[in-house]
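Spelled out from the first residue to the last, the chains are:
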Amino acid sequence: MSTLKVNTINAATSGQAVAVDVQNPRSFRNLIINGSQDIDQRNSGSEVNPVVHAACVTDRFKFDLSQASKLKAQQVSDGPTGFTKSLKITSLAATTPGASDYYILQHIIEGLSSAHLGWGASGAKTVTLSFWVKSSLTGTFGAAIRNNAHDRTNVQTYAISSADTWEKKTITFTGDTSGTWLTTNGVGLRVGWDLGGGTNFDAASTGSWLATNDFTTSSCTHVVSTNAATWQITGVQLEVGSYVTDFEHRSYQDELARCQRYYWQSPGDFVYYSRQYNNSNRMTTIMHPQEMRAIPTETLTYDGGTGPLTTWSDSDNKSESNRYWQGYDGHDYDAGSVTKVRLAQFSAEL
């Protein structure tokens with residue numbers, strides 16, 4: 001029989017109790033990928049100005065924005081004890097969200113990974129979300145879980161009591177017994193943090209499931225409303241049960257492999273070779289390091305004998321979730337000549 005040890009965290013962690021099974025620690029309990037913000041394949045720590053419906057900044061953490069140029073984001077070397085990285089978001093102006101505006105950071109969990117929750121039916125499992133947050137603002141903030149169709153939501157709030165101080169937050173969501181929750185390789189569920197939502201997205205109540213697309217409340221503090229306000233997050237964990245356990249630290253390589261199911265790009269010092277097999281057709285073969293969630297979209301940048309070429313939109317290409325190859329028409333090189341693929345990027349993001 002296992003022994004469940006409960007530790008009480010100090011005031012800096014908002015007094016949350018952490019349950020730890022010291023004899024049978026559970027692996028693979030965290031449904032969040034890259035919760036420690038260690039992986040940043042696209043930007044390598046560079047600052048990003050997310051655009052509307054932008055791709056990820058740190059891997060698997062994605063913005064959903066109604067307007068561009070209101071926020072900037074960056075992976076930074078700052079975190080609470082046990083974490084070396086966090087995702088830092090900074091407001092670029094004092095923006096009052098219009099009724100239909102939305103500024104959300106979200107983590108999308110694939111249906112194949114959330115199917116065991118059994119949501120949408122009786123017996124749906126309760127989950128607990130925990131994360132570390134640090135902000136220049138204090139007050140009440142919003143977080144929500146929504147489904148793929150944006151017609152089921154559970155909005156809850158958390159408080160930041162001390163400015164510029166790391167605090168640990170824990171929110172428990174009962175399982176939803178209604179609605180449609182995908183169990184395929186599509187969007188299983190969306191975990192979102194409100195950075196600024198209009199009144200159209202104010203939930204009528206918190207802590208219960210609603211047939212709406214809400215993610216905030218009328219009492220929430222909005223990061224975008226204060227110029228130069230900052231908000232940081234790391235140590236994100238979503239697990240089955242009504243209590244929080246210690247953050248599941250996975251190895252860097254394991255976390256990178258999980259991220260590469262959704263996006264990967266070739267290392268900066270790695271070159272693929274593309275062979276011209278006649279005067280108008282070129283062939284490149286690239287193996288994905290991990291089987292991807294779905295057939296990815298690709299961006300290949302070539303460097304040929306005539307100097308750097310622009311990224312090509314292939315006229316004849318083949319791509320699968322576990323390998324990629326292409327043919328290209330339109331460039332007149334000698335048969336048998338070789339050019340270099342300087343950058344290969346593949347995305348199967350949700």
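Rules used in this analysis
- The numbers attached to residues start from 1 for each chain and follow its sequence in the written order.
- Whole-chain, interface and lining totals are the exception, using all residues; otherwise, since this is a predicted model, local features are given only for residues with pLDDT of at least 70 and side-chain atom pairs are given and counted only at 80 or more.
- Hydrogens and water are ignored here; the side-chain numbers use all heavy atoms of the structure.
- Put simply, DSSP marks the helices as runs of H or I at least four residues long and the strands as runs of E at least two long, and each gets a number from the N terminus on.
- Two residues form a contact once any of their heavy atoms are found within 4.5 Å.
- In summary, the pairing rule links any two rings of Phe, Tyr or Trp, Trp by its six-membered ring, whose centres are within 6.5 Å, and it sorts them by plane angle into stacked for under 30 degrees, edge-to-face for over 60 and tilted for everything else.
- We call a residue buried when its accessible area falls under 20% of the maximum for its residue type, exposed when it is over 50%, and partly exposed in between, using a 1.4 Å probe and counting protein chains only.
- Counting as a charge over the ring demands two things of the Lys NZ or Arg CZ atom: a distance within 6 Å of the ring centre and an angle within 35 degrees of the ring normal.

(A) Here's a closer look at the environment of Gly120. Within the fold, Gly120 resides in the loop between helix H1 (111-114) and strand E7 (127-135). Along the sequence, Gly120 and Trp181 sit 61 residues apart, while their C-alpha atoms lie 6.0 Å from each other. Excluding anything up to four places from it in sequence, Gly120 contacts Asp176, Thr177, Ser178, Gly179 and Trp181.

(B) Broad picture of the packing of aromatic side chains. What the rule picks out here adds up to eleven aromatic pairs. On the numbers, 5.3 Å between centres and 70° between planes, the contact of Trp119 with Trp209 is edge-to-face. In this pair, Trp119 sits in the loop between H1 and E7 while Trp209 sits in strand E12 (residues 209-210), placing the two residues 90 residues apart along the sequence. Assigned by exposure class, Trp119 and Trp209 land together as buried. Taking 5.7 Å as the distance between ring centres and 20° as the angle between the ring planes, the aromatic pair formed by Phe141 and Tyr158 counts as stacked. With Phe141 in strand E8 (residues 139-146) and Tyr158 in strand E9 (residues 153-160), the pair connects residues that are 17 residues apart, well separated along the chain. Here the two residues Phe141 and Tyr158 agree in accessibility, since each one is buried. Against the face of Tyr263 rests Arg42, its NZ or CZ located 3.8 Å from the ring centre.

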